[in-house]
Amino acid sequence: MMEKKGAILILSGPSGCGKSTLLKTVYDKIGDYHFSISTTTREPRVGEKNGVDYYFASRKEFEEDIENGEFLEWAEVHGNYYGTSLKPIKAAVSQGKLVIFDIDVQGHNIVRKKLDDIVTSVFITTPSLKDLEKRLKNRDTDSKEVIEKRLINAKTEIKSFRNYDYFIINDDLKKASKELVCIARIARIKAKLFDKEESIKNWIE
Ligand SMILES: Nc1ncnc2c1ncn2[C@@H]1O[C@H](COP(=O)(O)OP(=O)(O)OP(=O)(O)O)[C@@H](O)[C@H]1O
Ligand SMILES: Nc1nc2c(ncn2[C@@H]2O[C@H](COP(=O)(O)O)[C@@H](O)[C@H]2O)c(=O)[nH]1
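If you're wondering where the values come from, they're calculated on a predicted model, not measured in any experiment.

Colleague: Hey, could you run me through the pairing of strand β1 (residues 7-12) in this one?
Modeller: In regular strands, side chains alternate between the two faces of the sheet. Among the six residues in β1, six count as buried, and that is most of the element. The side-chain alternation of β1 yields two buried faces, one formed by A7, L9 and L11 and the other by I8, I10 and S12.

Next comes the structure, spelled out in structure tokens:
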């Protein structure tokens, strides 16, 4: 399906737990990486740019992409479609990059199933549901109804934390950031395993 020279790091966790904030703090500490930009049918938030934060699409366009097999994974999350296009991931993985995904638990389960040997995953959350509510309200990007929906879904999502390799409680941002840097560096080692396998070929032949 793809030349697996690289590695994949998946971040999941309830909306508002701080995945994007945490990622911004680690990028300059983890070396060469490729961040997977998802496609979504959600309306862009103020300041979000097409092709930077997401590729924004209509439901019709998204459904056509599903039909055409364009996605490595896709899911309906909080009432909208979100998906990861296969092509850029294939290219980045075959170039030996660490590919970073910010996707929900459904997407994680699909990618894990398809590419288990190169996946490292981390579930991120807040210390409590109250903290999550505060963060979503302070972020001020979503309506009251959208926030309520995301808080209800968070209670279901948190039940999946055991399906992940690592678990970070994003209370103190500095501490959580250090933990994520360690995990990202370990995730990259999975990419190196393929080079190592190559160098011990004489043992196997
Ligand atoms: N450790 C922290 N302490 C306090 N506030 C935080 C912390 N980490 C992130 N935040 C704040 O919480 C809010 C939500 O963070 P962010 O947008 O990164 O969440 P997210 O998990 O990426 O959300 P989504 O899944 O909806 O994209 C932001 O306003 C951010 O500044
Ligand atoms: N399964 C997928 N989930 C995705 C993808 N891109 C983002 N997400 C998840 O959606 C929620 C909501 O995001 P928001 O930007 O509307 O706040 C978030 O928790 C992401 O993890 C994807 O391609 N596939």
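Colleague: Quick question: what am I supposed to make of the nonpolar core here?
Modeller: One broad trend across soluble globular proteins is that nonpolar side chains are buried collectively. By size, the foremost hydrophobic cluster in this structure holds 42 residues, and its most contacted members are I8, L9, I10, V99, F101, V122 and L180. Shared between two domains, this core holds at least three residues of each, these being domain 1 (1-32 + 98-205) and domain 2 (37-95). Discounting residues that sit within four places of it in the chain, L180 has contacts with L22, V26, V122 and I168.

Colleague: Would you mind showing me how to read the pairing of strand β8 (residues 119-125) here?
Modeller: For β8, the buried fraction is high: six of the seven residues fall into the buried class. The sheet contact formed by β1 and β8 spans five bridges and is parallel. Bridging from a neighbouring strand, L11 pairs with V122 of β8. Sheet topology places β8 next to strand β9 (residues 166-169); four bridges connect them, and they run parallel. Each bridged residue has a counterpart across the sheet, and for F123 the counterpart in β9 is F167.

Colleague: Would you mind going over the UniProt feature "binding site: ATP" (unreviewed entry) in the protein with me for this structure?
Modeller: The UniProt record annotates "binding site: ATP" (unreviewed entry) at G13, P14, S15, G16, C17, G18, K19 and S20. For G13, the location among the structural elements is in the loop between β1 and α1 (19-26). Every residue in contact with G13, bar those within four places of it in the chain, is listed here: K19, F123, I124 and T125. Residue position: K19 is located in helix α1. On the neighbour-count criterion, K19 (21 C-beta atoms within 10 Å) is buried. If we ignore the near neighbours within four places in the chain, the residues touching K19 are L11, G13, D102 and I124.

Colleague: What exactly am I supposed to notice about the site of ligand 2 here?
Modeller: In the vicinity of ligand 2 there are 16 residues, among which S38, A75, Y82, I103 and G107 approach most closely. Broken down by secondary-structure element, the contributors of at least two residues to the shell around ligand 2 are β5 (71-77), β6 (80-85) and α4 (105-115). For the shell around ligand 2, a count of residues per class yields four nonpolar, eight polar and four charged. The residues that make up the shell around ligand 2 include at least three from each of domain 1 (1-32 + 98-205) and domain 2 (37-95).

Rules and cut-offs
Residues numbered from 1 in each chain as written. Chains lettered and ligands numbered in written order. Predicted model: local features only at pLDDT ≥ 70, side-chain atom pairs only at ≥ 80, totals over all residues. Buried ≥ 20, exposed ≤ 12 C-beta atoms within 10 Å, placed from the backbone. Helix = DSSP H or I, 4+ residues; strand = E, 2+ residues; numbered from the N terminus. Core = buried A, V, L, I, M, F, W, Y, C linked by C-beta atoms within 7 Å. Domains from an automatic or database assignment. Contact = placed C-beta atoms within 7 Å. Pairing = 2+ DSSP bridges. UniProt positions renumbered as here; feature names shortened; annotations may be inferred. Near = placed C-beta within 6 Å. Nonpolar A, V, L, I, M, F, W, Y, C, P; charged D, E, K, R; others polar.

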